[in-house]
Amino acid sequence: MPEHGNEEGHDGDEPVRFTDKRKVDPETGEVRGAEGHEEATAAAEGAESEDALAQAEQILNEAGEAQEQPEATSDVEAELRNDLLRLQAEYVNYRKRVERDRESVRELAVQSVLVSLLPVLDDLDAARKHGDLEEGPFAAVAKKIDAILAGHGLTRIEEVGVVFDPNFHEALMQQPSSEVPEDHVAQVLRIGYQKGERVIRAAQVVVSTGE
């Protein structure tokens, strides 16, 4: 029979080793690994604190950079102010253009009415020359018409003895005259009209050639 006094395993095997995984030390009664756990916890808390501190520093740095860039803010405000002023100027110009167009349309409408009334005015002038409008109801009507047209700025081109101007006169003929200098209006055959500076109809005249 084999002997059993040898502590080694049978057939010369290595001795069996055991690992004590108990958390409480049976001799001291202290919890094993507590110091390691506290160190790990402290390390984790330190890492979190460092991350929070880094984030805080980043936020403070960004805020400082925003405060240290007043020129950029001033440039933006100046650009917005210039845009606003430009829009205001464009709006004012638009209003002025609309008013001018409206006034031009009104002037053209008045001028169209005046042109349509020119034959009536010619008949009134012919009647006036014959003495038919000296008194009576037709004379009153003619005066009212003249007053209304004058209120719209209509004036006559009928002066004799002035220098002939093709802008205001239409020369139908020339004849010598001892009373009127050369190239002056000797006679008005048909009265012309103008409204303001605009000539509605030039006066038909006889131009003097002198003696």
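A quick note: this is a predicted structure, and the numbers were derived from the prediction, not measured.

Caption draft 1: Broad picture of the overall build of the chain. Each helix and strand in the chain was counted, giving three helices and six strands. In the chain, the succession of α and β elements from N to C terminus is α-α-α-β-β-β-β-β-β. Looking at the 211 residues of the chain, the share that counts as buried comes to 17%. In the chain, once contacts between residues fewer than 6 apart in sequence are set aside, the share between residues at least 24 apart is 59%. Here the chain displays about 17100 Å² of accessible surface, and carbon together with sulfur accounts for 52% of that area.

Caption draft 2: Focus on the nonpolar core. Judged by nonpolar contacts, the single largest core of 13 residues is most densely connected at Leu-114, Leu-121, Leu-154 and Tyr-193. Within the residue set of this core, elements represented by two or more residues are α2 (70-129) and α3 (137-151). Taken together, domain 1 (74-151) and domain 2 (154-210) each give at least three residues to this core, which thus spans both. Those residues in contact with Tyr-193, other than ones at most four positions away along the chain, are Leu-118, Leu-121, Asp-125, Leu-154, Thr-155, Arg-156, Ile-157, Val-199, Ile-200 and Arg-201. Core analysis: the second largest hydrophobic core is formed by six residues, Val-185, Val-188, Ala-203 and Val-207 among them.

Caption draft 3: Expanded view of unusual backbone geometry. One non-glycine residue with positive phi stands out, namely Asp-183, at about 60°. Among the secondary structure elements, Asp-183 is positioned in the loop between β2 (169-175) and β3 (185-190). Classification of Asp-183 by relative accessible area gives partly exposed; the value is 42%.

Caption draft 4: Quick look at the sheet that holds strand β6 (residues 203-208). With mixed pairing, the three strands of this open sheet are ordered in space as β2-β6-β3. Each of the sheet's edge strands pairs with one partner strand only, and the pair in question is β2 and β3. Put simply, the sheet's adjacent strands are angled 30° from each other on average, direction ignored. In the sheet, β2 pairs with β6 via six bridges, with the strands oriented parallel. The partner of Met-173 across the bridge, within β6, is Val-206.

Caption draft 5: View of the environment of Gln-111. Mapping Gln-111 onto the fold places it in helix α2. With 89 residues separating them in the primary sequence, Gln-111 and Ile-200 have C-alpha atoms 7.6 Å apart. If we skip the residues at most four places from it in the chain, Gln-111 touches Arg-198 and Ile-200.

Caption draft 6: Region of interest: α3. Taking 1.5 Å of rise per residue, 15 residues should cover 21 Å, and α3 covers 21 Å from first to last C-alpha, within 8% of that figure. When α3 is considered as a whole, its buried residues turn out to be Ala-139, Ala-142 and Leu-149. Seen end-on, α3 carries its buried residues on one side only, within an arc spanning 90°. Set apart from the buried face of α3 by more than 90 degrees, the exposed residues are Pro-137, Lys-143, Lys-144, Ala-147, Ile-148 and Gly-151. Phi turns positive one or two residues past the end of α3, at Gly-153, with a value near 85°.

Caption draft 7: Molecular detail of the pattern of salt bridges. Enumeration according to the criterion identifies nine salt bridges in this entry. Close ionic contact of Glu-103 with Arg-106 constitutes a salt bridge, the shortest N to O distance being 3.0 Å. Highlighted residues: Glu-103 and Arg-106, both in helix α2, separated by three residues, approximately one helical turn. Residue classification places Glu-103 among the partly exposed positions, given a relative accessible area of 36%. For Arg-128, the salt bridge is made with Asp-146, and the minimal N-O distance between the two is 3.2 Å. You can see Arg-128 sitting in helix α2 and its partner Asp-146 sitting in helix α3, a full 18 residues away along the chain. Asp-146 gets classed as partly exposed once you look at its relative accessible area, which sits at 27%.

So, how was this worked out
- Residues numbered from 1 in each chain as written.
- Predicted model: local features only at pLDDT ≥ 70, side-chain atom pairs only at ≥ 80, totals over all residues.
- Heavy atoms only, no water.
- Helix = DSSP H or I, 4+ residues; strand = E, 2+ residues; numbered from the N terminus.
- Buried < 20%, exposed > 50% of the residue type's maximum accessible area, 1.4 Å probe, protein only.
- Contact = heavy atoms within 4.5 Å.
- Areas by Shrake-Rupley, 256 points an atom, 1.4 Å probe, with all protein chains shown as cover.
- Core = buried A, V, L, I, M, F, W, Y, C linked by side-chain atoms within 4.5 Å.
- Domains from an automatic or database assignment.
- Pairing = 2+ DSSP bridges.
- Axes fitted to C-alpha atoms, helices over the stretch in contact; angles between N-to-C directions.
- Expected span 1.5 Å × (residues − 1).
- Arc of directions from axis to C-beta.
- Salt bridge = Lys/Arg side-chain N within 4 Å of Asp/Glu carboxyl O.

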